[in-house]
Amino acid sequence: MSHGVAPGALVARSHLPWPLPARSVVVDTRRRAVCVRRSVAGGLCLNPRMLLTSRGRLASWRNVRWLLGALRLTGAETAIVVGDRARREDFVAGMLYVAGQRRVEVVADPVTAWLARHPGALGAGTTRGVFREAIYTAWPRTRLVVLRQELAARPPTGGEGYLPVDGRARGRYRLGHIPGARSLPMADVGRDRTAMRSLIFARRPVVAYGAGPYGSMAYFARLRMLAVRARVFAGGWRDWTRGRGVRARPGRTPGLPAPDKSLAVASVGAAIAAIMVLVWRMTRRR
């Protein structure tokens, strides 16, 4: 059963093709100062901070589309995302994809090392203009973004609800997670073949989330690049537990052994015995 658009519009590449294919543009995710000084000739400087508010939340899609127009994007190009940090690239790629970019490719090879091997491709990066210089006309894929109310209204029970997948570390997951969520840390995506296979062929809509907007969108993009037809709960765990009486949901990772209750009981008993001995000694001194 398929959900959303085909993941083929968001793909991973091992190396940056040069010269660039027709109707392609490089999107450099490194810091603005670094990108402006040394980037792929004609590359667009788009750091993740430009897509987040001062409080770390996602900018509105209206503002995102304005920003992309100020970078001279229309949405009809193939955006080739480069950088030196995988999570930054994944986040920017996910934002471009949801914004409606026709095709997004993420390059695994660090761009700094690539530029050292291809000095002829070196040039100055291009920053956003003060005003829009292009109209971003691509139709946004906002149906891939699941709202908190939607996620709460369709719990993963009875085979009809969403299937949340938690991309945080397993320790964070054990402290609390969205009810019914599976644990698949970002570091294990692509490595845990059994988990990946179950997500690719899942009968329910997969919803990816991380700690917050940045991690959630990066996690979503990584799953989409590996053929998982995922949607994204962009607010992540931080938004799920924020206000309105929603509490953290403690739980253990599926497949891991349950904690040994006998050890906990023994520890409590030892603590009580120690307190009793201390009280007895104090009374004798008196």
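Bear in mind the structure is a predicted one, so any value in this text is a computation, not a measurement.

K.L.:
Would you mind showing me how to read a positive patch on the surface here?
P.N.:
On the surface, R31, R37, R38, R49 and R85 cluster together into a positively charged patch. As for its position among the elements, R85 is in the loop between β5 (78-82) and α3 (86-99).

K.L.:
What is the right way to look at helix α7 (residues 193-200) in this model?
P.N.:
Because each turn of an α-helix spans 3.6 residues, side chains separated by three or four positions end up pointing in the same direction. Within α7, burial applies to A195, M196 and L199. All buried residues of α7 lie within an arc of 100° about the axis, which places them on one face of the element. Of the exposed residues in α7, the ones pointing more than 90 degrees away from its buried face are R193 and T194. Structurally, α7 contributes buried residues whose contacts are with β8 (163-166), β9 (182-183), β10 (206-209) and α8 (213-225).

K.L.:
Could you clarify how one ought to interpret the side chain of D90 in this entry?
P.N.:
If you trace the backbone, D90 turns up in helix α3. For D90, a relative accessible area of 2% puts it in the buried group. A polar atom in the side chain of D90 sits 2.7 Å from the side chain of R222.

K.L.:
Could you clarify how one ought to interpret the layout of surface pockets in this entry?
P.N.:
A water-sized probe, rolled over the atoms, reveals where empty space remains. As a volume, the largest pocket reaches approximately 460 Å³. Lining the largest pocket we find 19 residues, and of these R57, P213, A234, G235 and D239 sit closest to its centre. Among the residues forming the lining of the largest pocket, the class breakdown is nine nonpolar, three polar and seven charged. Computed from the structure, the second largest pocket encloses a volume of approximately 170 Å³.

Analysis parameters
Residues take numbers from 1 onward in each chain, read along the sequence in its written order. Two thresholds apply to this predicted model, a pLDDT of at least 70 for residue-level local features and 80 or more for giving and counting side-chain atom pairs, whereas whole-chain, interface and lining totals are computed over all residues. As a rule here, side-chain values come from all non-hydrogen atoms in the structure, and water together with hydrogens is ignored. Patch criteria: residues need more than 30% relative accessible area and no salt bridge. Like-charged residues are merged within 9 Å; nonpolar side chains of Val, Leu, Ile, Met, Phe, Trp and Tyr are merged within 5 Å. Computed by Shrake-Rupley with a 1.4 Å probe, the accessible areas treat only the displayed protein chains as cover when residues are assessed. Counted as salt bridges are all cases of a side-chain nitrogen of Lys or Arg within 4 Å of a carboxyl oxygen of Asp or Glu. We treat Lys and Arg as the positive residues and Asp and Glu as the negative residues; His and chain ends play no part in the count. A charged residue contributes its charge at one atom only: NZ of Lys, CZ of Arg, CG of Asp or CD of Glu. To qualify as a helix, a DSSP run of H or I must reach at least 4 residues; to qualify as a strand, a run of E must reach at least 2; elements of each kind are numbered from the N terminus. Remark: exposure states derive from per-residue accessible area (1.4 Å probe, protein chains only) relative to the maximum for the residue type, with buried under 20%, exposed over 50%, and partly exposed in between. To obtain the arc, one takes the directions from the helix axis to the C-beta atoms. Here a residue-residue contact requires only that any non-hydrogen atoms of the pair lie within 4.5 Å. In the analysis that follows, any N or O atom pair within 3.5 Å is treated as a polar contact, provided that within protein one partner can donate a hydrogen and the other can accept it, and provided that, for residues neighboring in sequence, both atoms belong to side chains. Here a cavity denotes a set of grid points, spaced 1 Å apart and computed over the protein atoms alone, in which a 1.4 Å probe fits but from which it cannot get out, and a pocket denotes an open set meeting protein on both sides within 12 Å along at least five of seven lines; residues with an atom within 4 Å of a point are reported as lining. Grid points are joined across faces, edges and corners, and a volume is the space filled by probe spheres set on the points. Note on residue classes: Ala, Val, Leu, Ile, Met, Phe, Trp, Tyr, Cys and Pro are nonpolar, Asp, Glu, Lys and Arg are charged, and everything else, Gly too, is polar.

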